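Structural description and commentary
For reference, the chains in residue letters:
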Amino acid sequence: MKRRHLLGSVAALALAPLPSRAQTFPDKPIRFVVPYAPGGATDTSARIAAEYLSSKFGQQVLVDNKPGGGTIIATEIVAKAKPDGYTILMAAAPVATNTSFGLKLPYDPVKDLAPICSYVDMPLLLACNPNAPYKTMAEFIAWAKTQSSPIPYASAGNASMPHLWGEQLRMETGIKLEHIGYKGSADALKDVLGGHVMLFSDTLLPGGLAVKDGRLRGLVVGAAKRVPMLPDVPTVAEAGLPANLTGAVFFGVMAPGGTPEPIVAALNASFNELLRDPATAKKLVDLGFVLVGGSAANYGKRLAAETEKWRKVIKEANISPPA
């Protein structure tokens with residue numbers, strides 16, 4: 001009798017529901033914090049991911065736009081959230097460059113944030129007005145070296161990634177450039193199209209669209225391989241430039257520091273899976289994104305490398321921090 005009672009108790013225990021904390025992640029909606037307003041590249045790429053993951057998880061992945069503070073507002077929200085995987089960040093380049101500038105941050109970017117996965121890159125682009133007296137990067141460099149005054153170039157604004165890349169280009173090639181910062185890419189593009197400034201350092205959105213439709217001439221794209229949006233524009237290597245001029249606005253996913261490793265692994269696997277999904281990948285590539293993916297550890301290493309790379313450029317070019 002005692003043996004039968006014991007076996008019955010074990011069987012009943014095996015059939016009992018597991019505690020909620022042991023259920024498969026996720027079992028409730030996930031908050032996906034985006035550090036920019038709706039409509040831009042960061043928001044668009046996040047919404048493409050959220051659509052796929054909501055279907056995969058059977059739980060809503062809700063994009064929550066928290067613009068302002070040079071991405072610091074959104075990043076702080078995630079850094080101080082409960083480390084359970086239900087609040088994650090679409091991290092753009094400033095997650096590294098804010099540290100490069102030595103800004104005082106309300107969080108520790110290493111201790112308070114956990115890398116999940118590299119997501120996508122938006123390659124940088126150097127383009128010019130079609131009436132410029134050069135058609136290739138080599139012709140531009142040769143022409144620029146004959147000029148006595150610095151060559152003005154437009155970007156989305158001071159301390160933007162296109163600005164940092166423009167200064168790196170100046171230092172690596174030895175040509176004289178003068179940065180003209182605007183309040184966003186749209187204003188800069190307008191002046192380049194109007195011929196007020198002939199040179200434009202930008203990303204594939206929106207600059208690449210103007211090259212694609214013939215309103216601008218593409219000189220070089222900062223990607224390792226030619227991008228489908230601009231198949232005729234050479235890469236850094238093809239243009240004969242140093243390899244370290246390969247550059248992009250890079251996007252990744254982060255969680256609060258201390259997020260359990262199994263949850264980090266589950267999120268990493270899900271983001272890598274969505275990048276392999278043909279329909280989702282096509283949406284991203286058609287918009288000019290380069291698919292990245294990879295391990296959480298590799299994303300952490302990239303963040304460290306990008307932070308150090310841009311710290312050197314900022315120091316040598318004496319670039320002031322973002323306002």
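Described in the following lines is the structure provided in the data block. (Residues numbered from 1 in each chain as written. Predicted model: local features only at pLDDT ≥ 70, side-chain atom pairs only at ≥ 80, totals over all residues. Heavy atoms only, no water.)

Before going further, it helps to examine the overall build of the chain. The secondary structure content of the chain amounts to 11 helices and 10 strands. The burial tally for the chain puts 50% of its 323 residues in the buried class. Residue pairs in contact within the chain that sit at least 24 positions apart in sequence constitute 78% of those at least 6 positions apart. Accessible surface computed for the chain: about 15,300 Å², of which carbon and sulfur atoms make up 57%. Positive and negative side-chain charges of the chain, numbering 33 and 26 respectively, have mean locations separated by a distance of 7 Å. (Helix = DSSP H or I, 4+ residues; strand = E, 2+ residues; numbered from the N terminus. Buried < 20%, exposed > 50% of the residue type's maximum accessible area, 1.4 Å probe, protein only. Contact = heavy atoms within 4.5 Å. Areas by Shrake-Rupley, 256 points an atom, 1.4 Å probe, with all protein chains shown as cover. Lys, Arg positive; Asp, Glu negative; His and termini not counted. Charge placed at Lys NZ, Arg CZ, Asp CG, Glu CD.)

Turning to the environment of Val 95, a few remarks are in order. Along the polypeptide, Val 95 turns up in helix H4 (residues 94–100). Given the relative accessible area of 12%, Val 95 is considered buried. When the C-alpha atoms of Val 95 and Phe 250 are compared, they prove to be 9.7 Å apart, with 155 residues separating the residues in sequence. Beyond its immediate chain neighbours, meaning those up to four positions away, Val 95 contacts Leu 113, Met 254, Tyr 299 and Leu 303.

Here the structure, examined in full by the defined rule, presents 12 salt bridges. Here Arg 47 makes a salt bridge to Asp 43, at a shortest N to O gap of 2.9 Å. With a gap of four residues between them, Arg 47 and Asp 43 both fall in helix H2 (residues 41–57), about one helical turn apart. Given a relative accessible area of 39%, Arg 47 falls into the partly exposed group. Overall, the relative accessible area of 3% leaves Asp 43 in the buried class. Between Glu 238 and Arg 226 there is a salt bridge, and its shortest N-O distance comes to 2.8 Å. (Salt bridge = Lys/Arg side-chain N within 4 Å of Asp/Glu carboxyl O.)

In this section: unusual backbone geometry. Residue Pro 26 is bonded to the preceding Phe 25 through a cis peptide linkage, with omega at 0°. Relative to the helices and strands, Pro 26 resides in the loop between helix H1 (2–15) and strand S1 (30–34). Note that the residue after Leu 205, namely Pro 206, is joined by a cis bond; omega there is 5°. Residue position: Pro 206 is located in helix H8 (residues 204–212). Its identity is not glycine, yet Thr 71 carries a phi of approximately 80°, on the positive side. If you trace the backbone, Thr 71 turns up in the loop between strand S2 (61–65) and helix H3 (72–79).

Below, the discussion takes up the side chain of Ser 45. By the element assignment, Ser 45 lies in helix H2. A relative accessible area of 0% places Ser 45 in the buried class. Leave out the neighbours within four places in its chain, and Ser 45 touches Met 90, Tyr 119, Val 120, Leu 284 and Phe 289.

To continue, consider the nonpolar core. By size, the foremost hydrophobic cluster in this structure holds 102 residues, and its most contacted members are Tyr 119, Met 137, Phe 140, Leu 199 and Phe 271. By residue number, the principal contributor to this core is strand S4 (residues 113–128), which donates 11 residues. When residues no more than four places from it in sequence are discounted, the contact partners of Phe 271 are Phe 32, Ala 49, Leu 53, Ile 88, Cys 117, Tyr 119 and Val 253. (Core = buried A, V, L, I, M, F, W, Y, C linked by side-chain atoms within 4.5 Å.)

A word on the side chain of Asn 65. Within the secondary structure, Asn 65 sits in strand S2. Among the polar contacts listed, one links the side chain of Asn 65 to the side chain of Asp 43, at a separation of 2.9 Å. Within the local environment of Asn 65, its side chain forms a polar contact with the side chain of Arg 47, the two groups lying 2.9 Å apart. Apart from residues no more than four positions distant in its own chain, Asn 65 is found in contact with Val 34, Tyr 36, Ala 37, Pro 38, Asp 43 and Arg 47. (Polar contact = N/O pair within 3.5 Å; in protein donor to acceptor, adjacent residues only side chain to side chain.)

Considering only enclosed or pocket space, the largest pocket measures out at about 940 Å³ in volume. Tyr 36, Thr 42, Ala 156, Ser 160 and Val 249 are, among the 33 residues lining the largest pocket, the residues nearest its centre. Listing elements by their share of the lining of the largest pocket, those giving two or more residues are H2, H4, helix H6 (161–173), strand S7 (199–203), H8 and strand S9 (248–256). Counted by class, the lining of the largest pocket contains 21 nonpolar, 11 polar and one charged residues. The volume enclosed by the second largest pocket comes to roughly 300 Å³. Forming the walls of the second largest pocket are 20 residues, and the residues nearest its centre are Asp 121, Ala 223, Ala 224, Lys 225 and Val 290. For the lining of the second largest pocket, the secondary structure elements donating two or more residues are S4, strand S10 (290–291) and helix H11 (296–317). Sort the elements by how many residues they give to the lining of the second largest pocket and H11 lands first, with four residues. Of the residues assigned to the lining of the second largest pocket, the class counts are 11 nonpolar, three polar and six charged. (1 Å grid on protein atoms, 1.4 Å probe; cavity = no way out; pocket = protein on both sides within 12 Å on 5 of 7 lines; lining within 4 Å. Points joined across faces, edges and corners; volume = space filled by probe spheres on them. Nonpolar A, V, L, I, M, F, W, Y, C, P; charged D, E, K, R; others polar.)

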